[in-house]
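Listed below are the residues making up each chain.
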Amino acid sequence: MNLQGIFSMSRKDLTTLVIFSIVVLALPIWLQPFGAAYPDLMQRFAIFGILAIGFNILFGLTGYLSFGHAAFLGVGSYTAVWTFKLFSMNPIPALFFAVIMSGLFAFIIGFVSLRRSGIYFSILTLAFAQMSYNLAYSVLTPITNGETGLQLESSDPRIIDSMFVGEQAGLPVSNFFGLEMSGIPGFYFCAIFLIIGFFITQRIFASPFGMMLRGIKSNQTRMNYTGFNTRPYTLTAFVISGMYAGLAGGLMAVTDPLAGAERMQWTASGEIVLMTILGGVGTLLGPIVGAWLIKYFENIFSSFNENVLHNLFGFLPDGVESVVVEITSMFVGEGWHLTLGLVFVLVVTFLPGGIMEGYRRITAMFTGGGGDGKKANADDKQTQPAE
Amino acid sequence: MDAILLQLLNGLDKGGAYALIALGLTLVFGTLGVVNFAHGALFMLGAFCAVTLRKLLTLEQVVLDTENLTAWGTPTEIRTPYVEAWFGDFGAVLVNYSVPLAILLAIPVMLAVGVAMERGLIKHFYRRPHAEQILVTFGLAIVLQEIIKHFFGANPIPQPMPENFSGAADIGVMLGMDPNVIVYPWWRLVYFAFSVIVIGAVFAFLQFTTFGMVVRAGMADRETVGLIGIDIDKRFTAMFGLAAVVAGVAGVMYTPLLPPDYHLGMDFLVLTFVVVVVGGMGSLPGAVAAGFLLGILQSFASMTEVKAIIPGIDQIIIYLVAVIILLVRPRGLMGRKGVMES
């Protein structure tokens, strides 16, 4: 495929990409009124966005529900921190190795797991992720530093850096040719990867390869009968998706050079699934919306405590107030996961297409339905995963 | 030889827990065709039934003894649980046996929870894809464990076993070997016996009662049973309740072995799914056999001799077995043809 072929996009895709880029790059501005415009949170927005769109390439297009994606995230983080320790604090090689390693890892796991589909696939990926997690905690401690987590040390060799920079006092910070990867620059660094990742996803969605994956989702048997060997396609999707997770893991290490095994636990994989479903499986923007919403509300809800609630409901009569505070306190602060679980159950039950489907239904209501309704039906059929 | 026998025994209690949870999971799957990720949470709820009962039984009344003063000059507080104050020695026995007694509490509670879960939520997911069933029950599991966390806190709550069972049994002597060769905690033996009894009861119920016969017929061919005019849905709901009870009592009896905390269910769930897959989706004997098999394998893998050869094997053995089984024998050990096949 020549370069022009890769970059020729439909007008609609191009508009989406441009608007998306503007929205992402302007995050520090339009998040101000929401009180979320601080770098740490925005970095997480970008990183988890990458993670979710990567997961969506697998689950959204092929319908294979992986419950082990956190393993790739962990591999990416560990690789990036090791690159920092051994070679250089520049994030580019770290990310490069993180993506390559997690891709390799995904290839091995995918090669085995993709022999089965449906729930067996979910359990196989879950089993592999748990194995990685348990090993990272026990035998692989020399590599992963076990419970403490892998950290930078001043005695690290850092071959390349020591050639150019020489000795420094204290722990070094990851820097992109002198630009420190924390705060706003760190966010923009991640944001650029998010935009690139989004662009690649768009291209995959629009490509014959993407069509093939959708075909696998709607009816794999028919695909097989048509004469396609579907496995190379699903494996490629799995590896790409694993690389996205590795990139996200690498970026986590870039913004905060620390890697721990808890990133690989299966509840972490569950969180990725939650984000994607909440936003809308199989849509381009859905997973990112889901990731942002979850991270935003996690941040807001976790900061609530009894005092904040008492202030909030202070206008109520005393008796009523304490009851209301008692009930709401179940859902905020420590109880944020309860809210998340409830919302998730409700979304899966009533709105399996996530927020994007809700959005489409609402717009369909205002534009009088008709054509849009038909389109919604067609999309509903697509949400049947591979069995 | 002794070492092997000891490891065999070590695997039995854990295997019993796996088998009990896997049995319920398979029962739900075989009858309702639902993949229930919230089943581990039911195990956890059962464990917290034991915690609740003990909390209730040990509510204390405080009597001030003004005769004896403490070193600070305040009256000594004499704390006695209300049950002991009311019933004397019988009360003390109640407190002592709080864990087994909790079964009586767990059965109605778990039955109610199970039926409510099935009627309230899972009913709507019969015709939906398995992926969505997994997702919604996964969400439900999160909700259940967070509710427990809200009321009981995040730390494990140790539960003492009845004093009569707190020691260890010298099994070697019973088998005619030297004393102190094979010493094994009583409660683990109790747990093993308990799991065998429960499993036997469930099988007997399915095999020898009319109700069980109808359920088995429904598992084999739901449509025909419906055509005969039997309301199979109602019976399947009852089976969901039964599965919840089995998971619950398994949790109750396990509390002295492992202090329960709110994510106990999740920890067991992953393992149990592996057990079910190894045994074969939809096969009840398979689930039980695989449960004990994997429990025993795990205990063998944690022997120092084995770990010296393959380091870290105890951490991954179960998953490794599952991967191998799924690849070479996709239906599992005893899986039926045509169940959950793509």
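The structure presented is a predicted model; accordingly, all values stated were derived computationally and were not measured.

*Asks:* What should I look at first to understand the overall build of chain B in this one?
*Replies:* When helices and strands are tallied, chain B shows 15 helices and 4 strands. Relative to a compact globule of 342 residues, whose C-alpha radius of gyration would be 20 Å, chain B shows 23 Å and is just as compact. Counting only C-alpha atoms and orienting by the principal axes, one finds that chain B spans roughly 75 × 50 × 35 Å. Counting all 342 residues of chain B, 52% fall into the buried class.

*Asks:* For this particular structure, what's the right way to read the nonpolar core?
*Replies:* What tends to happen in soluble globular proteins is that the nonpolar side chains get buried as a cluster. L65, L194, L251 and W266 of chain A together with F37 and F138 of chain B are the most contacted members of the largest nonpolar core, which has 223 residues in total. The element best represented in this core is helix α4 (residues 39-62) of chain A, accounting for 15 residues. Discounting chain neighbours no more than four positions away, the residues touching F138 of chain B are F67, W266, G270, L274 and F344 of chain A together with F37 and M266 of chain B.

*Asks:* Help me understand the interface of chain A and chain B in this model?
*Replies:* Much of the literature gives interface size as the accessible area that the parts lose upon coming together. Facing 40 residues of chain A, the contacting portion of chain B comprises 42 residues. Summed over both sides, the interface between chain A and chain B buries roughly 3800 Å², with carbon and sulfur atoms accounting for 80% of that surface. Its largest share of buried area at the contact with chain B, chain A owes to I119, Y120 and W266 of chain A, together 17% of the area lost on that side. One can count 2 residue pairs in polar contact (both at pLDDT 80 or more) joining chain A with chain B. Going through the elements one at a time, α7 (118-137), α14 (266-279) and α18 (336-350) of chain A are the ones with two or more residues in the side of chain A that touches chain B. The biggest single contributor to the side of chain A that touches chain B is α7 of chain A, with 12 residues.

*Asks:* Hey, could you run me through the pairing of strand β1 (residues 60-69) of chain B in this one?
*Replies:* Taken residue by residue, a regular strand's side chains alternate between the two faces of the sheet. Residues and elements named next belong to chain B. Relative to strand β2 (residues 75-81), β1 is paired through 7 bridges, and the arrangement is antiparallel. Note on β2: the bridge partner recorded for D65 is T76. Connecting β1 to the next strand, β2, in antiparallel fashion are 5 residues, including G73 with a positive phi near 85 degrees.

*Asks:* Where do I start with the environment of G33 of chain B in this structure?
*Replies:* Residue and element names in this part refer to chain B. The residue G33 is located in the loop between α1 (2-32) and α2 (39-57) in this model. When the C-alpha positions of G33 and H130 are compared, they lie 8.8 Å apart, and in sequence the two are 97 residues distant. Excluding residues within four positions of it along the chain, G33 makes contact with V28, H130 and Q133.

*Asks:* Quick question: what am I supposed to make of the UniProt feature "transmembrane region" (unreviewed entry) in chain B here?
*Replies:* Within this numbering scheme, the UniProt entry marks residues 15-35, 42-59, 90-113, 134-152, 189-215, 236-256, 268-296 and 308-328 of chain B as carrying the feature "transmembrane region" (unreviewed entry). The straight-line gap between the two end C-alpha atoms of residues 90-113 of chain B is 31 Å; of that span, 96% is helix and 0% is strand.

*Asks:* I would appreciate a short explanation of the packing of aromatic side chains in the present structure.
*Replies:* When we look at a pair of aromatic rings, we describe it by the centre distance and by the angle of the planes. Residues and elements named next belong to chain A. Counted by the stated rule, this structure contains 32 aromatic pairs over all chains. Geometrically, the ring pair formed by F20 and F198 is stacked, given 3.9 Å between the ring centres and 20 degrees between the ring planes. Here F20 is found in helix α2 (residues 11-25), whereas its partner F198 is found in helix α10 (residues 183-206), with 178 residues between them in sequence. The exposure class assigned to F198 is buried, which follows from its relative accessible area of 0%. Through successive ring pairs, a cluster of aromatic residues spans W30, F34, Y296, F297, F301 and W336. A cation over a ring is seen here: K85 above W82, with NZ or CZ 5.6 Å from the ring centre. Just above the ring of Y120 sits the side chain of R116; from NZ or CZ to the centre is 4.5 Å.

Each value, and the rule that gives it
- Along each chain, residues carry numbers from 1 onward, in the same order as the chain's sequence is written.
- Here chains are named by letter from A upward and ligands by number from 1 upward, in the order in which they appear as written.
- Under the rules for a predicted model, residues below a pLDDT of 70 receive no local features and side-chain atom pairs below 80 are neither given nor counted, while totals for whole chains, interfaces and linings still include all residues.
- To obtain the side-chain values, all non-hydrogen atoms of the structure were included, while hydrogens and water were left out.
- A run of H or I in DSSP becomes a helix once it reaches four residues, and a run of E becomes a strand once it reaches two; helices and strands are each numbered from the N terminus.
- As defined in this context, the radius of gyration uses C-alpha atoms, and a globule is described by 2.2 Å times the residue total to the power 0.38.
- Only protein chains enter the calculation, and the probe is 1.4 Å; a residue is then buried if its accessible area is under 20% of its type maximum, exposed if over 50%, and partly exposed in between.
- What we call a nonpolar core is a set of buried Ala, Val, Leu, Ile, Met, Phe, Trp, Tyr and Cys residues that are connected through their side-chain atoms within 4.5 Å.
- Only heavy atoms matter for contacts: two residues are in contact if any of them lie within 4.5 Å across the pair.
- We define buried area as the total accessible area lost by two parts upon association, computed with a 1.4 Å probe and summed across both.
- In protein, a polar contact requires one atom able to donate a hydrogen and another able to accept it; more generally it is a pair of N or O atoms within 3.5 Å, and residues adjacent in sequence count only if both atoms are side-chain atoms.
- Should DSSP find at least two bridges between two strands, the strands are taken to pair.
- UniProt positions are given in the numbering used here, feature names are shortened, and annotations may be inferred rather than shown by experiment.
- Any two rings among Phe, Tyr and Trp, with Trp reduced to its six-membered ring, count as a pair given centres within 6.5 Å; such a pair is stacked if its planes are under 30 degrees apart, edge-to-face if over 60, and tilted if neither.
- A ring is scored as having a charge over it whenever the NZ atom of a lysine or the CZ atom of an arginine sits within 6 Å of its centre and within 35 degrees of its normal.

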